[in-house]
Amino acid sequence: MKRSVEMEKKREEERVKKAEMARLKAERARAYEEPEWAKVEDDVAEDVPEEEEEGVRKNELYCVACGKKFKSDKQWKNHEQSKKHKDKVAELREAFGEEDQDNEDDDEDADDNNDNGGGDADGFVSADEVEKLKEQFEGVEIQTEEKGDE
């Protein structure tokens, strides 16, 4: 019984201490005055050229696998180490591996049917072949699946 009373007393002291710390922190935040060199004039902030805004966007890092943006290298590196990112990358690799295998099978079938009519061994095709493909796929619409964040 005595022990539970002591534990309750300690908990109450901790709550009071945390509340006091929060109050002091809020008081310091209200009393904070921005240094003169760090102040931004209102009219200057509105005149930021679009080029600078684009520069900021160029500095953003983007994870294609997860579809997320990051503003710093540290955020990016932490994200790369996360389990969700690693799972997404593994999932993509698996999907690309299956797709590559399907493409290899299709290429083998095409090679069997064509006597080098599907392009050179290095993967290049002639302009005539490109035109044939354009005609073949004319009117085809590409649909993309939108995946929600998990």
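Residues numbered from 1 in each chain as written. Predicted model: local features only at pLDDT ≥ 70, side-chain atom pairs only at ≥ 80, totals over all residues. Heavy atoms only, no water.

Caption draft 1: Region of the structure containing the pattern of salt bridges. Tallied over the entire structure, the rule returns six salt bridges. A salt bridge links Arg15 to Glu12; the nearest nitrogen and oxygen atoms lie 2.8 Å apart. Taken together, the residues Arg15 and Glu12, both in helix α1 (residues 2–31) and three residues apart, mark about one turn of the helix. Here Glu20 and Arg23 are joined by a salt bridge, their closest N and O atoms 2.5 Å apart. One end of the pair is Glu20 and the other is Arg23, both in helix α1 and three residues apart, which spans about a single turn. (Salt bridge = Lys/Arg side-chain N within 4 Å of Asp/Glu carboxyl O. Helix = DSSP H or I, 4+ residues; strand = E, 2+ residues; numbered from the N terminus.)

Caption draft 2: View of the side chain of His85. Residue position: His85 is located in helix α5 (residues 83–113). Given a relative accessible area of 10%, His85 falls into the buried group. Looking at His85, its side chain comes within polar contact range of the side chain of His79, at 3.1 Å. Leave out the neighbours within four places in its chain, and His85 touches Cys63, Cys66, His79 and Glu80. (Buried < 20%, exposed > 50% of the residue type's maximum accessible area, 1.4 Å probe, protein only. Polar contact = N/O pair within 3.5 Å; in protein donor to acceptor, adjacent residues only side chain to side chain. Contact = heavy atoms within 4.5 Å.)

Caption draft 3: Spatial organisation of the packing of aromatic side chains. According to the stated counting rule, one finds one aromatic pair in the structure shown. With a centroid separation of 5.7 Å and an interplanar angle of 65 degrees, the aromatic rings of Phe70 and Trp76 are classed as edge-to-face. On the basis of relative accessibility, which here comes to 9%, the residue Phe70 falls in the buried class. (Phe/Tyr/Trp six-rings, centres within 6.5 Å; stacked < 30°, edge-to-face > 60°.)

Caption draft 4: Looking closely at the state of the cysteines. Following the criterion strictly, the structure yields zero disulfides and no others. Free cysteine Cys63: the closest other cysteine sulfur is in Cys66, separated by 3.7 Å. (Disulfide = S-S within 2.5 Å.)

Caption draft 5: Main features of the confidence of the model for the protein. Mean pLDDT for the protein: 77, with 72% of residues reaching 70 or above. Across the protein, the secondary-structure element scoring lowest on mean pLDDT is helix α2 (residues 42–46), at 54, and the one scoring highest is α1, at 92. (pLDDT = per-residue confidence, 0-100.)

Caption draft 6: Focus on the side chain of His79. Considering the arrangement of structural elements, one finds His79 in helix α4 (residues 73–81). On the basis of relative accessible area, His79 is assigned to the buried category, the value being 9%. Once you skip the residues sitting within four places of it in the chain, His79 turns out to touch Cys63, Cys66, Lys68, Phe70 and His85.

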